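Below, each chain spelled out in residue letters.
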Amino acid sequence: MTTASLMPAIAGADPHALRDCMATYQRLVRSLARRFLPGEAEIDDTVQDVFVDLWRSAGRYDGRVSEASFVSMIARRRIIDRLRRSSRRIATEPLEEAVPAATASAEETCDLVMVAPHLDELRPPQREVLMLSVVQGMSHREIADELGMPLGTVKAHARRGMDQLRRSLRGDQIANM
C-alpha cells in the first residue's frame with residue numbers, strides 16, 4: 001500500500017490501514033511529541049491520542065496537503081492540547097502535609113471528651129503520636145521529625161492507635177446499651 005492512499009483507506013475502514021499508518025508515521029509523531037513534552041509517559045499518551053484522532057478524522061483528509069502534513073497538523077494539535085491541560089493543573093500538596101484547622105468545633109471537642117478516657121489504654125508511642133496529630137494538628141512528617149521516628153513508624157502508630165480507640169469506643173457503646 002502506498003502512503004498516498006492511507007487516509008482514504010482508514011476512512012474506508014480498511015483493517016490494515018491504521019496499522020500501516022502507524023508504521024509509516026509513528027517516528028514523525030513521536031519526534032514531534034518528544035520535542036515539546038517532558039516525560040516518556042506523556043509522549044506515549046500523546047502518540048496514542050494522535051493515532052486515535054487520525055482514525056476518527058481520516059475522512060476529513062482531502063488531498064490538498066500531503067498526508068505527512070495532515071498527520072503533523074493533528075499531532076501538533078494534540079501536543080498543544082496536552083500542554084494546555086498540564087498548565088491548567090492546580091498544584092496540590094499531599095494530604096499528610098496538610099495542616100488541620102487550629103480551632104476545634106463543638107463536635108470535635110465532644111469527640112475528644114469521649115476519647116480521652118481511652119487514651120490511657122494505648123501504648124505510649126501510639127498515644128504520643130495521636131496527641132501530636134489530633135491535638136497539636138501536626139502532620140505525620142512533622143511528628144516524625146519531632147520524635148525522631150521514621151515516617152512509616154509514625155503512620156503505623158497512628159493507625160494502630162486509632163484502631164485501638166475504635167475498639168475501645170465500640171466496647172463502651174455495647175456496654176451502655
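Data block above holds the structure.
Criteria and cut-off values
- Each chain has its residues counted from 1, running along the sequence as written.
- Confidence filtering applies because this is a predicted model: local features only for residues at pLDDT of at least 70, side-chain atom pairs given and counted only at 80 or more, and all residues used for totals across whole chains, interfaces and linings.
- With hydrogens and water stripped out, all remaining heavy atoms of the structure feed into the side-chain values.
- Only DSSP runs of H or I covering at least 4 residues are called helices, and only runs of E covering at least 2 are called strands; the numbering of each starts at the N terminus.
- The cut-offs for exposure are 20% and 50% of the maximum accessible area for each residue type, with area from a 1.4 Å probe on protein chains only; residues under the lower value are buried, those over the upper are exposed, and the others partly exposed.
- Working rule for contacts: check all heavy atoms of both residues, and any pair within 4.5 Å makes them a contact.
- Salt bridge, as applied in this entry: a Lys or Arg side-chain nitrogen positioned within 4 Å of an Asp or Glu carboxyl oxygen.

**Q** Please provide a residue-by-residue account of the overall build of the chain, values included.
**A** Counting its secondary structure elements, the chain contains eight helices and zero strands. Moving toward the C terminus, one meets the helices and strands of the chain in the order α-α-α-α-α-α-α-α. Within the chain, buried positions represent 28% of all 177 residues.

**Q** Describe unusual backbone geometry, and please don't skip the residues or the numbers.
**A** When glycine is set aside, most residues are seen to have a negative phi, and most peptide bonds are trans. One non-glycine residue, A13, adopts positive backbone phi at about 65°. Mapped onto the fold, A13 is located in the loop between α1 (6-11) and α2 (17-36). On the basis of relative accessibility, which here comes to 63%, the residue A13 falls in the exposed class.

**Q** Account for the environment of L169, naming residues and giving values.
**A** Locating L169 in the fold gives a position in helix α8 (residues 151-175). Residue L169 is classed as partly exposed on the basis of its relative accessible area of 21%. Spatially, the C-alpha atoms of L169 and H118 are 7.8 Å apart, while their sequence positions differ by 51 residues. Look past the residues within four positions of L169 in its chain and what remains in contact with it is M114, V115 and H118.

**Q** I'd like to hear about the pattern of salt bridges, residue by residue, with values.
**A** It is possible for side chains of opposite charge to pair when their charged atoms get near one another. Tallied over the entire structure, the rule returns twelve salt bridges. The salt bridge involving E42 is made with R82; its shortest N-O contact spans 3.9 Å. Of this pair, E42 sits in helix α3 (residues 40-57) while R82 sits in helix α4 (residues 67-88), placing them 40 residues apart in sequence. On the accessibility criterion, R82 (11% relative accessible area) is buried. The shortest N-O distance in the salt bridge between D45 and R82 comes to 3.9 Å. Here D45 is found in helix α3, whereas its partner R82 is found in helix α4, with 37 residues between them in sequence. A single salt-bridge network, built from bridges that share partners, covers R30, R34, E40 and D44.

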